[in-house]
Amino acid sequence: MSSLSLPGFTRRDFITTGAKLSAALFAAPYILRSATGEPGGDDTLNVALIGCGEQGRVLLNAALKIPHIRFRAVCDIWPYNRTYGERLLKKFGHDPKPYEDYREMLASTPGLDAVIVATPDFMHSEHTCAALKAGHHVYCEKLMSNTVEGARAMVRTARETGKLLQIGHQRRSNPRYLHARDHLINEAHLLGRITNSSAQWNRAVTEDLGFPASQALAEATLHKYGYENMHEFRNWRWFKRYAGGVISDLGAHQIDVFNWMLGSNPVSVLAGGGRDYYTTHEWYDNVIAIYEYPTKDQIVRATYQVLTTTSAGGGYHEYFMGDEGALKMSENPKYTKLYREARAPEWDQWVDQGYIAKPGSGEGAPAAVKPWEKPRPKMPMASKAAGVVDVRETAELSAWDIPVTLDKAIHQPHLENFFDSIRGKTTLNCPGESALATAATVLRVNEAVAARKVLTFAPEDFTV
Amino acid sequence: MSDSPASSPAACRFEYTAAFLLLRIFLGLRTFLAGLEKFEAGGRYTFANYYANMDRMAQGITGASFLPLWATKNFAHSLGYLLLLFGVLVLLGIKSRISLTLTGLLYVGLAFGLMAVQENDGIAWLGVYVGMFAGALVLVRYDRFALWRDRFD
């Protein structure tokens, strides 16, 4: 019997080496990811996170993919969340110190460059201002604050301290959104004159967040940090003392896109809504609003709807409609499309330049061809009027694709923009001043629902 | 009394003759154009397109079935030429009995490929054509206006 044994290499050696190799292979992805957190030179940034809940974890996971970031501390009043954040970071090679109180964290963590704030909206202003005053740049989740005054205080403090303040309206750093705004709308003018906008977020019924009974915070602790009880602590988004409800939680992202894409702030808002379904919430579970935006061409009316009892009606998207084309945007590429009116100039030159693409799938795309089939030749036999059932209908829109996709976590480019701005490589995509205007735009909707009438904006509503 | 078509009255013979002629023209055109479209891609008809199309077909069928690539490739590479040839034979009425039989067999071969990939719509369409070839063969003795007629003793 032949043997392949090597001199001095025993069975024990083989087993030991094999086990080490297996362990190395198993741990390779973690080692690889944690390596990105290793100090890579002078541009490594020391970061702390305040708020390790749902959104904090999303930001942590996005930030962990960015090189030269070192998490030094995590802070959360709930040990359950705090431990989760700490363990997650340790798994990827960071060694964050956990804190319950942000004041203690800011006072006892030397060398911090930036703080990420992902706490409930009513704490954003306090946490952000304290971090800025401690000399750190701040990335704060949206909505900037649950009050316009809170948002103003954040902008003032950023100006006074000279530190950067980025607000988490992450669509502003999404390359597809940037391409659509900068190239398709502003450069190529593919929409012609923008006349209307609409956006929506229709989400199915969700259960309230619970908590393990053994992990419940003591009443005294909850009161100390401003919470009435554990249910409100876990479901703060739907209570008036902590946040702005659905228009703030879901609507803020898309209403921010109205302001950003249209390059304008609204002059008025009319809104309706109510709490008609969720008996355990305070805020409205459905809101529909109509804004009026003054643009260089005309007043653009923008309708916004957020429903939290149905996902029917097309999911979530923002729509910009002009006299030559329409743009349907969403963070989900499957809801994204560009439409050309029959009266618009041909778009072939923009295809040649790579700005847009003929649809490869979905709406407007040729029928799927099976692997053994030959793509069918074009047979433009149908007249343009085909499919029109009423003389008042216009010719069908043609659908086109936007050949830019985001291949990262949706928050990652926005965090990268923040970190690169700290390094002086770029400027913020959503500085506090812009987000203040968005907060004022969003929060006025709740006032309009309550007032049951059109409310107007003054230019000073959007500024410090 | 015999109910054979051959013994039908003259009026009936005309109808059988017309029925066969219609089938022959339809099947001949369909077969010829089915062969021609194998050479098309992007609106251009070339031999390069033909081999690209046929390679795609062969690889697609092999990728989705138990059929080996050598078999599907050989069949695919000869398919277009055979369809063109048989289409001309049927259309012009050259030895219709044998040309219809061979073309029908070619369609059965195509249907076999689609059976292997469970393409039921395509199988059904080919089944309709095979039925039409069978009908044409039943009426083949009424072949007229043919370049080279079969002999029926």
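Residues numbered from 1 in each chain as written. Chains lettered and ligands numbered in written order. Predicted model: local features only at pLDDT ≥ 70, side-chain atom pairs only at ≥ 80, totals over all residues.

## Focus: the overall build of chain B
On a plain count of helices and strands, chain B comes out with five helices and two strands. Helices and strands in chain B line up, N terminus first, as α-β-β-α-α-α-α. Dimensions of chain B, computed from C-alpha atoms along their principal axes, come out at roughly 55 × 30 × 25 Å. Within chain B, the fraction of its 153 residues that count as buried is 31%. (Helix = DSSP H or I, 4+ residues; strand = E, 2+ residues; numbered from the N terminus. Buried ≥ 20, exposed ≤ 12 C-beta atoms within 10 Å, placed from the backbone.)

## So, helix 6 (residues 148-161) of chain A
Because each turn of an α-helix spans 3.6 residues, side chains separated by three or four positions in sequence point in the same direction. Residues and elements named next belong to chain A. In this model helix 6 runs 20 Å from its N-terminal to its C-terminal C-alpha over 14 residues, within 8% of the 20 Å that 1.5 Å per residue would give. When helix 6 is considered as a whole, its buried residues turn out to be Gly 150, Ala 151, Met 154, Val 155, Thr 157 and Ala 158. The buried residues of helix 6 occupy an angular sector of 165° when projected down its axis, which confines them to one face. Facing away from the buried surface of helix 6 by more than 90 degrees, the exposed residues are Glu 149 and Glu 160. Lining the buried residues of helix 6 we find helix 5 (121-133), strand 6 (165-167) and helix 14 (432-451). Immediately downstream of helix 6, the backbone of Gly 162 shows phi near 75°, a positive value. (Expected span 1.5 Å × (residues − 1). Arc of directions from axis to C-beta. Contact = placed C-beta atoms within 7 Å.)

## What about the pairing of strand 10 (residues 299-307) of chain A?
All names here are of chain A. Of the strand pairs in this sheet, strand 7 (residues 194-202) and strand 10 are connected by seven bridges, and their pairing is parallel. Note that in strand 10 the partner of Ala 199 across the bridge is Tyr 304. Two elements, strand 9 (residues 286-294) and strand 10, share nine bridges in a ladder whose sense is antiparallel. In the strand pairing of strand 10, Ala 289 is matched with Tyr 304. (Pairing = 2+ DSSP bridges.)

## Digging into the interface of chain B and chain A
With ten residues of chain B at the contact, the number on the chain A side is five residues. Of the residues forming the side of chain B that touches chain A, the biggest block, six residues, is contributed by helix 2 (residues 47-63) of chain B. Partitioning the side of chain B that touches chain A into residue classes produces four nonpolar, four polar and two charged. (Nonpolar A, V, L, I, M, F, W, Y, C, P; charged D, E, K, R; others polar.)

## Concerning the environment of Ser 421 of chain A
Residue and element names in this part refer to chain A. Looking at the secondary structure, you find Ser 421 in helix 13 (residues 412-422). In this structure Ser 421 comes out as partly exposed when scored by C-beta crowding, with 18 C-beta atoms within 10 Å. Residues Ser 421 and Lys 224, spaced 197 residues apart in sequence, show a C-alpha to C-alpha distance of 36 Å. Each residue touching Ser 421, except ones within four places of it in the same chain, is listed here: Leu 164, Thr 426, Thr 427 and Leu 428.

## Here we look at the sheet that holds strand 7 of chain A
Residues and elements named next belong to chain A. With mixed pairing, the nine strands of this open sheet are ordered in space as 14-13-12-11-7-10-9-8-15. Looking at which strands have only one partner, the edges of the open sheet turn out to be strand 14 (398-400) and strand 15 (455-456). Those strands touched by helix 11 (residues 251-262) are strand 7, strand 9, strand 10 and strand 11 (316-322), and its axis lies near 165° from that of strand 7. Strand contacts of helix 14: strand 8 (268-274), strand 9 and strand 15, with the helix running at about 70° to strand 8, the strand carrying the most contacts. (Axes fitted to C-alpha atoms, helices over the stretch in contact; angles between N-to-C directions.)

## Description of the sheet that holds strand 6 of chain A
All names here are of chain A. What the six strands build is an open sheet, ordered 3-2-1-4-5-6; its pairing is parallel. In the strand order of this sheet, the two ends are held by strand 3 (97-99) and strand 6, each with one partner. The average undirected angle you get between the axes of adjacent strands in this sheet is 20°. Summarising the sheet, strand 1 (residues 45-50) and strand 2 (residues 69-75) pair through six bridges and their orientation is parallel. Bridged to Ile 50 within strand 2 is Cys 75. Helix-sheet contacts for helix 3 (residues 79-91) involve strand 1, strand 2 and strand 3, and the interaxial angle to strand 2 is about 160°.

## A closer look at the domain arrangement of chain A
How big an interface is tends to be expressed through the accessible area that disappears when the partners come together. Residue and element names in this part refer to chain A. Once the domains are mapped, chain A shows domain 1 (13-170) and domain 2 (172-369 + 393-407 + 430-462). Each of domain 1 and domain 2 has a C-alpha centre, and the two are 27 Å apart. Listed per partner, the contact involves 22 residues of domain 1 and 27 residues of domain 2. Mapped by element, the contributors of at least two residues to the side of domain 1 that touches domain 2 are helix 5, helix 6 and strand 6. It is helix 6 that contributes the most residues to the side of domain 1 that touches domain 2, six residues altogether. Looking at side-chain class alone, the side of domain 1 that touches domain 2 contains 14 nonpolar, five polar and three charged residues. (Domains from an automatic or database assignment.)

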